[in-house]
Each structure stands twice: as structure tokens, then as C-alpha cells.
Amino acid sequence: MNAKNLIDLPELSREELDELIKLAGAIMKNPTNYIDNCHGKIMASLFYEPSTRTQMSFQTAMIRLGGSTIGFDNPVNSSVSKGESLKDTVRVISNYTDVIVIRNPYEGSAFAASMFSRVPVINAGDGGHLHPTQTLTDLVTLWYEKGRLDNLTIGLCGDIKNGRTVHSLIKSLSKYEGNKFVIISTPQLQAPQYIIDVLEANGCEYSFSTNLEIRMPELDVLYMTRIQRERFASQEEYEKQKGIYVLDLHKLKNAKKELKILHPLPRVDEIAIEVDDDPRAKYFEQTEYGMYARMALIEGMLKNREKTMPKTIQSTHNEKCHNPRCITSVESYLPNLFTRGGNGRLICSYCEHELKK
Amino acid sequence: MNAKNLIDLPELSREELDELIKLAGAIMKNPTNYIDNCHGKIMASLFYEPSTRTQMSFQTAMIRLGGSTIGFDNPVNSSVSKGESLKDTVRVISNYTDVIVIRNPYEGSAFAASMFSRVPVINAGDGGHLHPTQTLTDLVTLWYEKGRLDNLTIGLCGDIKNGRTVHSLIKSLSKYEGNKFVIISTPQLQAPQYIIDVLEANGCEYSFSTNLEIRMPELDVLYMTRIQRERFASQEEYEKQKGIYVLDLHKLKNAKKELKILHPLPRVDEIAIEVDDDPRAKYFEQTEYGMYARMALIEGMLKNREKTMPKTIQSTHNEKCHNPRCITSVESYLPNLFTRGGNGRLICSYCEHELKK
Amino acid sequence: MNAKNLIDLPELSREELDELIKLAGAIMKNPTNYIDNCHGKIMASLFYEPSTRTQMSFQTAMIRLGGSTIGFDNPVNSSVSKGESLKDTVRVISNYTDVIVIRNPYEGSAFAASMFSRVPVINAGDGGHLHPTQTLTDLVTLWYEKGRLDNLTIGLCGDIKNGRTVHSLIKSLSKYEGNKFVIISTPQLQAPQYIIDVLEANGCEYSFSTNLEIRMPELDVLYMTRIQRERFASQEEYEKQKGIYVLDLHKLKNAKKELKILHPLPRVDEIAIEVDDDPRAKYFEQTEYGMYARMALIEGMLKNREKTMPKTIQSTHNEKCHNPRCITSVESYLPNLFTRGGNGRLICSYCEHELKK
């Protein structure tokens, strides 16, 4: 792999992505061939917010390659509680280790970390912004369950407005030919404009629906998402939404025999437990594909990789990003980096928010 | 080993138990012979309540076999904080790992976990219910310290009413010939009826006493237990009990030279520190036997073990268990499983509580 | 190495220290030669207060030697929360592992731990008292950055009154010939008398200053220290002090080209970020030297080491230490150990405090 870091999936060329997917399959087939590939190597998992599932998946991936892991899963136990900057933590940990996996509630934090790390940085979630290895997991799952990533009719159901992983999946699949997207949700949880722009830009066929059951028969893939309490203003608003679109065996009555049901997990109750035993349910297998996907990623990133300190980056503008969830709002030493959007507005290179004028 | 899981010790046949004890001794003798037996294998330790001692013992056992460990020791850092079911957590973690060690405050939780795991599940404590590897530790300790598990006079002192480990030890030793039990405690902390039933059923000689010193001379083994604050209604009630039966050198004056003193640890003050240097004190060695016992268990369980998904189990009855500490009270999707007791009453297969009518 | 434990640096002979420094360099040069030296060995890191930085450095060191680690970083998750004594924890953990790294807020805790451990104990910080591996790190850094540990003019700036690591560094460097010490701080944060006594006893040249910039030109080494909030009575007192002596490029204007800037890290804001890119800044490299220093220490300690239980130590006096931060104030079973100071007063062997009469 050429890419040193994985902050967002588009950093990977189509070739690199295909290569990763094939490597994941090769590992899946003969895991013992890779059992010592990372012998003596160390992964740091810096989790500024707990996410046991994601952390365990990365730890397992590194261990199954023969490597070891260190890290923390709780800010109060970390040096940050002594007021240390992200820069210093990353700079030091990259002296100790060979790859850094970071999860941090601030948007753009993984990108910021990569500016100071001597080793590859993998984004394991930066707030509501990006979570590329989940999408890599989804693509690997689809490839090995459907045999292709193109000419699929993909239903996306649940919280399409806030669902980070759904946005990323749409962005990736829209680049493959002949994919159709059926976006199923309530008006309040509909896809944001920029996702529609992506679909338009890639000339994808797409449609909206508020009824899961009616659209079921045409789907090759059904991607269910969790409706997260934290996304709603009030408990009442949450209760009102979350019940809707619960997938059960009844709704699956007219689904294709070859339908594959995916879910990023953890689920709350958007999929009835009775569905778990249906052969079309693949969300548990999906987690195993995720382990192989992360093994392939780490293997590809560490192969023939020397430790190198990135060049210091200078500010491109004097403005500061106004997004309170942007990493630049708490790590003041970070350079101000913006690009010009189509509309001429400045877009923050950390959190991708438009600079309000 | 045939047994896939270790939820409770009786699951192991007498042959399997003897085999484990012998294997523990073999490892003790030549640990380096086993240093890579679990190379490339991963143990998940899912501790829904902290127990550093137990967790470290399991981690050490796995590492000394050449394996690795992942897991959590704190529910707030785990996916459960996102409201994930035990089923989903276990189903996913069993995709990542080769064996699961679980500790959970709800009774029957380990059994419930084993219903959804593709890999062996070891019960590291399910509330006040079971803790089989502690008993395995006690048996290995007795075997290598006394040279036998039969024809022993065993004193059990302290909290015999609530002491999970004492109950399990009595159940196991009552199956060996010629063992005599001296149960030493206050009336309030006496053995429950079902333990007395076990002793009767196995035709064991047993007696009760409130005086440790008087019964000391006849003992081959003295098993001391901690008096746990959490078992008492009030601090005052606790204070009143805990001072009693503190073992000191004076009380040991008339003990046999070959007496072996055991304690599950951690102790508070039921054994005076002056006793630590007495050659009869074996409670620290006991922890090392425990490490070898767990190494033998993991080695035996993982040998030639393929990942297999257990069959789905259907409810046997429509009733629900009424025990608020039963795992079924919080994981509602679990099937209702009951067996008929001698008295015709239904007994919950998770927590072994009788269904009140 | 002869020394079984590392509680304080003076335990190491000059020869052992030189040997460690050389070994650290050898590992640095060919790390792969040491990649399996501790294969099958386990390090316990018992952190009774969180210090991610220090813990990760030790974990990395052990892993890079092919060993594994277990431990905790949070007292609430540890057995201590069940009221277990330090003695019992150490006694048991030393049954499981091959070396114990301990950090504990009470002074003398590491020494106390070494009295009950079958394996080497390394002090990773006992309150404000000692932190020998930081000093070992500083010495290794100086040796490989300056090529010598003698005939250096060393500036020490910041909190010299409370700075544990600074005191330890002065003690060590004062034993080497021709070193000059320039102590730069406010009157309130000046060096304590006992440090001045050390300098006098070793016949070292030393001077005091309140002005960093003026003394800069003569320095070969500048050791900056963090001004810790917890050292001050009030937030206001803290604010007043911490701003002073912030190192920036302007203050470095007249510094030697060969100056080396060190800092134990984490820093808050006593070094401006602009200094990070100055080639004289070595505080990030310092953390990597620290990893090699700890690798050398562990390698040296574990080589041909058998597990042995230390002899029981008897009290030397009837007095009890009055220092509330001394480990003896919370672990009452510890023997009372005192030595006579020059002034005839008793000095506690745990915390080195003089017994008030």
C-alpha cells in the first residue's frame, strides 16, 4: 500500500481497495499463513471514548498477525487527564509503536494525529464524522457474500440523516457501476443534501421511501442502521422514531432468497431477534469479515514501512473553523487548513464543515 | 476434553477431572513444554464486574500457553453501555476469539452465554451462583499438597451460608470416599439446607460447630472464607460477625503438623498476618496452583477444538423465573428453561432457583 | 545485574549503571537481536494511580523483548477495592509473573512491595518520592546525545522544589566529575536543602538564578520541568507561578548550538510548541531512549533470575513514621524500619522522612 494513513476511504485508490479486499480473502482462507507477519510489531489503540467492539476488532486483527497491542480505552486513565495535547501523545506513542489506531470524539482528530505521527494512523472513528474501517468491513462482506460490488440494489434503512457509516457506504458504492440505492426512512431522518449530491455526481439511480416492506422485494442488500439516542433532542422524540422500521420475519416475507442483511452493530432493537436465525442475516458474519478486513489493512500498511516524521504543515488561511465539534476547537496549535468548495466557500480540512461567513 | 464449556464443575466427568488435575501437575513440572501450545489463539475475558485477581489468573494462564488475551474489566467501557444484549456480544466476540471467560453479576449468565458462543465458555463467576475454576483450583491444591482427595477431614470456617466457593467445594469433595466435613460458623452463617442434602445424598460424615479452636486438632484441611460486607443487611450486622473465627497462631497451637490452610483470597482479616509464615499456610501457593489449573483447563478445552455454533434451544415452559438476580430477568429473549425438582417444583436451568407458586 | 529490584537508582553500582546504558545502546542498534529474549515471560504493571505514559513505556519495553504484560491502571478495578493489602496482592501477582512494575501514590510503596515479591520489583513512581526509570531515561538520553555524563553544565528550570525527577537527576549527575549545575526557578520553587547538601557532599559547582535567558549561553543541557497543579495550595498560587520560565525560541537565541533540551513529559505549556522543531529539542527522542532504557533494565534484571521469596524483615524500632504519605500509614502490618541520620534523628526507610520528636 502507498497510503501511509487511513483517515478516510477515498484516500485509497480503487486498486488499493481491490487489493485489500483480495488480501482479506486470502487471510480468511489461510489465516495460519499470516500468524507471524507482525511478530515483534506493536499497535497502539488510543480510544478517547470507549468502543469495546471496535477496539477488540482491531486488537484481534493485530494479534492474529502475530503482533501485540497497547493503549487505553478511557480518557480519564490517559495522559490527557494531565492536560497533554493530542500532538504530544501521538508524537510519543509513535516512538513506542508501529501503528496507531485512534478514536476520538472530535471531528478531524485522526487527520490531526496523522500530522505528528512517525507511524501509520488508522481512523477508528472521529466523532460523527468518519469511520472508514466500518465501510471497508461492509465492502469486504458484500464482496464475499454477493460476489460483486456493482449492479446491486441496496436498501438503506433507519437513520440516514446521522448515520456516519451509511454515508460512507453510499459514497463508496456509488463509485461502482450499476448500483441502485433505495433510501428508506422517516422524513426527519432522510439523507442530507451532500449525500444526494454524491449520488447525482456519480450518476447513480436512487429513490426514497418511507415503507420498508413495500421496497423489500427488489433489494439485493438491506443495510439496517441503529437509531442512536444521542442524535435526538429529547427522549420523547427518540421514542417516537426508534420503533419504526424494525425488521422482523414478517417484513422479510417477500424478500429475495439471495438478500443479504447487514448492520454495523451494536443493534438495539431495529432487528427482531427472530431474524438472527434466518440464513439471509449476515450481520454477525459481518463482524468476522471486519476482523479480516482490519488484518488486511494492518498487514498492507506495515509491510516494508519505515518510521518517518511527517513534514510540518503551515496554515493555508487565517480563519479558524467555527465547528465546536472540530478538533481545531480544542487543539489550538493546529494549523488552519481550508480548501475552497464549489460555491467558493472555505471548507475545513479537518471536519469538512463549511466556514460560515 | 469432551465438555465444550465449563459452566459448573459437575459437567466434567470424574475422568475428565482427574485428567485435568494430572495435566496441571505435568505443566507445573515442565512449563516450558507448553509455552507455545496456544500460539496464535486468543482468549476473551468479558468481566461485567471487576475482579482483577481472577482476570489476571486467567490472562496469565493463557499467556503462559503462548496465547493472547483481549477483553474488558468494566461494564461502562463495554458495548453493553450501548444497550447491547449478552447474546450479541458473545456471538460477535466468539467470531474474534478461541475461548471466552465471562464474569457477570447475574446468575446463569455464563450458561446463557454458552448458548450463543461458537467457542468454549468458561464461567469465571456468575453472581453468587457458581465459580467452578476456584473449586478446580482448590482440588488441584489439595491433590498436590495432600496427595489425595479422599479420606480427608475438612474444616470449613466462616460464611458457610453465602460462600459460593465453599458450597462448590463441598459438592465436589462429597463425591470422594471417606471425606468428613466439619462446618464451623455462627448460627446465622450456617450451611443452607441444599448443601446438607448434598452431604446426606452422598452419605458423608459431617458435623457442625461454633468453635474453631476445639475442632482444630482433627482437621487435615482448614478452608477459611471471607465474610463479605455485601452479604449483610447492615454495616453493624457485618461488624458483629466478621471478627469471629479469625485464624491466628494461637488457634493453630493444637493443629496437625500436616494441616493445610486454604483460602480463596482476597482475605480481609479472617487470617492474621502472623499465620502467613507458618508452613501450614498454603493460600498463597493456592493461587499458583490456580494458574496451573486454568492452564490445564484452557489447554484441554482448546485441543482439537473446531468453532461450532450451538443449536438454538427452545423454551421448555411458559413460566418465567422470578429470581431478580437471574440472567433471564434482564435478557428477555432467553428461552424459559426449567427442570422438575424432586418435590415436583420447577427449577430454573439458569440460576437453579425454585419457581415459587 | 546483581540488584534484584530497582526501587531507587543508587541501588545500582556505577558499573551496573554503565552496563545498563551500554546495553540500551546495543538494543537501540539491533533491536531484532532482542526480539525474543523474554519469550514466555510476563510483566505485571500494577498502577494504583493512572499514568498511561509510564505504563505504555514499560509495556512496550517488555513486548519488544518478546514478553507479555498483565496488570491494571485503576485502583477501582483492582482487588484493592475489596480491601486487599499490598502484601497479598504482590505476593500473589509474583506467583503469576516474572517482574512487577508498580506505581502507587504512597511513598515507600515500591520498597514495601519488594519485601513480599518473589520476582524483581521496579519502582515506576511512589508518590512524590522516587521515579528511578525516569532518571535512567535521562542518563541514557544524555549519554547518547552528548557522548558523556561528566563535565557538563546542566541548567535545571522550573519547579526544583517538588520536582522528583530533577532531584534524582541531580543526585546521579553529581557523582560524575566536572558537572556544573545551574538551578533556575522562583524563590518559592527553589531546591530543598537536602539537594544542596548532595551537591556540597559531592563537591559540585552550582549556582542559582531566577533568569533563564541570562544563563542560557553557558548551558550544555537544559532540563525543563512541569509545574504541577497538585503541588500548589491554591489555583491562584499555581497560576502565578506556571507562566514563568516558559521556554520559547526567543529565549533560545543565545543558546549553544549543541545544547540539548530535555523534559520528562507530559508538558503543559512550559515549552512553547514552536521549540519542537528546533534541532536542540530532544524531549520527544527522550521518550524513545526511555523505552530502550527500560528494555535494558528488564533484560538485565530477568537474565538468569530465579524466583525467590525474600526473607521476612523485622522492625528495627518501635516508633511509627508520622508521614501521612508514607506507605506505613496505610499498610499497618509493615515492619517499622529506621536508620539514624547524621543529626542522630531517625529516618524512615520507606519514605526517607525524618521522625519528628
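Details of the structure are given in the entry above.
Rules used in this analysis
Sequence order as written defines residue numbering, which begins from 1 separately in each chain. Following the order in which they are written, the chains are lettered starting with A and the ligands numbered starting with 1. Local features are withheld for residues below a pLDDT of 70 in this predicted model, meaning they are given only at 70 or higher, and side-chain atom pairs are given and counted only at 80 or more; totals for whole chains, interfaces and linings count all residues. Processing note: side-chain calculations cover all non-hydrogen atoms of the structure and skip hydrogens and water entirely. Numbering of helices and strands runs from the N terminus, with a helix taken as a DSSP run of H or I at least four residues long and a strand as a DSSP run of E at least two residues long. The quantity called the radius of gyration is restricted to C-alpha atoms. Its globule counterpart is 2.2 Å times the number of residues to the power 0.38. The rule is simple: take the accessible area with a 1.4 Å probe, protein chains only, and divide by the maximum for that residue type; under 20% is buried, over 50% is exposed, in between is partly exposed. We call two residues in contact when some of their heavy atoms are within 4.5 Å. Here, Shrake-Rupley sampling with a 1.4 Å probe gives the accessible areas, and only protein chains in the shown set may cover a residue. His is not counted here, nor are the chain ends, while Lys and Arg score as positive and Asp and Glu score as negative. Charged groups are reduced to one reference atom each: NZ for lysine, CZ for arginine, CG for aspartic acid, CD for glutamic acid. Here, a salt bridge means any Lys or Arg side-chain nitrogen found within 4 Å of an Asp or Glu carboxyl oxygen. A 3.5 Å cut-off defines polar contacts: any pair of N or O atoms within that distance qualifies, except that in protein one atom must be a possible hydrogen donor and the other a possible acceptor, and neighbouring residues in sequence count only when both atoms are side-chain atoms. Put simply, Ala, Val, Leu, Ile, Met, Phe, Trp, Tyr, Cys and Pro go in the nonpolar bin, Asp, Glu, Lys and Arg in the charged bin, and everything else, Gly too, in the polar bin. Buried area adds together the accessible area that both of two parts lose upon being put together, with accessible area traced by a 1.4 Å probe. All copies are superposed by least squares; the fitting set is the C-alpha atoms of residues with a pLDDT of at least 70 in both.

(A) Local environment of the overall build of chain A. Each helix and strand counted, chain A has 10 helices and 11 strands in total. For chain A, the C-alpha radius of gyration of 20 Å lies close to 21 Å, the compact-globule estimate for 357 residues. Counting all 357 residues of chain A, 61% fall into the buried class. Long-range contacts, defined as pairs at least 24 residues apart, comprise 69% of the intrachain contacts of chain A with a sequence gap of at least 6. Of the roughly 13800 Å² that chain A leaves accessible, carbon and sulfur atoms contribute 50%. Put simply, chain A has 44 plus and 45 minus side-chain charges, and the middle of one group is 3 Å from the middle of the other.

(B) Seen up close, the pattern of salt bridges. All told, the structure shown has 50 salt bridges over all chains when counted by the stated rule. Measuring nitrogen to oxygen at the nearest pair gives 2.7 Å for the salt bridge that ties Lys256(B) to Asp220(B). One end of the pair, Lys256(B), is in the loop between helix 9 (235–242) and strand 9 (260–262); the other, Asp220(B), is in the loop between helix 8 (212–215) and strand 8 (221–224), with 36 residues separating them in the sequence. Relative accessible area serves as the criterion here: at 30%, Lys256(B) is assigned to the partly exposed category. Its relative accessible area of 9% is what places Asp220(B) among the buried residues. Within this structure, Lys87(A), Asp88(A), Arg267(C) and Asp276(C) form a network of salt bridges that share partners.

(C) Local environment of the interface of chain C and chain B. With 29 residues of chain C at the interface, the matching set in chain B holds 27 residues. Joining chain C to chain B, the criterion identifies five salt bridges. Arg267(B) is the salt-bridge partner of Asp88(C), the closest N and O atoms lying 2.7 Å from each other. Where chain C meets chain B, there are 10 residue pairs in polar contact (both at pLDDT 80 or more). Of all the secondary-structure elements, those providing two or more residues to the side of chain C that touches chain B are strand 1 (42–47), strand 2 (68–72) and helix 3 (86–96) of chain C. Looking at the side of chain C that touches chain B element by element, the count peaks at eight residues for helix 3 of chain C. Per-class residue counts for the side of chain C that touches chain B are nine nonpolar, 13 polar and seven charged.

(D) Inspection of the interface of chain A and chain B at higher detail. At the junction of the two partners, chain A supplies 27 residues and chain B supplies 29 residues. Each partner contributes to the roughly 2500 Å² buried at the junction of chain A and chain B, and carbon and sulfur atoms together form 51% of this total. When the buried area of chain A at its contact with chain B is split by residue, Arg53(A), Met56(A) and Phe284(A) rank highest and sum to 23% of it. Counting across the chain A and chain B interface gives six salt bridges. One salt bridge connects Asp98(B) with Arg64(A), and the closest N-O pair in it is separated by 3.2 Å. Viewed at the interface, chain B and chain A are joined by 10 residue pairs in polar contact (both at pLDDT 80 or more). Counting residues per element, the ones that place at least two in the side of chain A that touches chain B are helix 2 (52–64) and helix 10 (283–302) of chain A. Per-class residue counts for the side of chain A that touches chain B are 10 nonpolar, six polar and 11 charged.

(E) Geometry of the relation of the copies chain C and chain B. Mapping chain C onto chain B calls for a rotation angle of 120° and an axial translation of 0.0 Å; the resulting RMSD is 0.0 Å. Taken together, the rotation angle and the small translation identify this as a three-fold axis. Closest approach to the rotation axis among the C-alpha atoms of chain C is made by Ser68(C), whose C-alpha sits 5.0 Å away.

In short, geometric facts, not functional conclusions.
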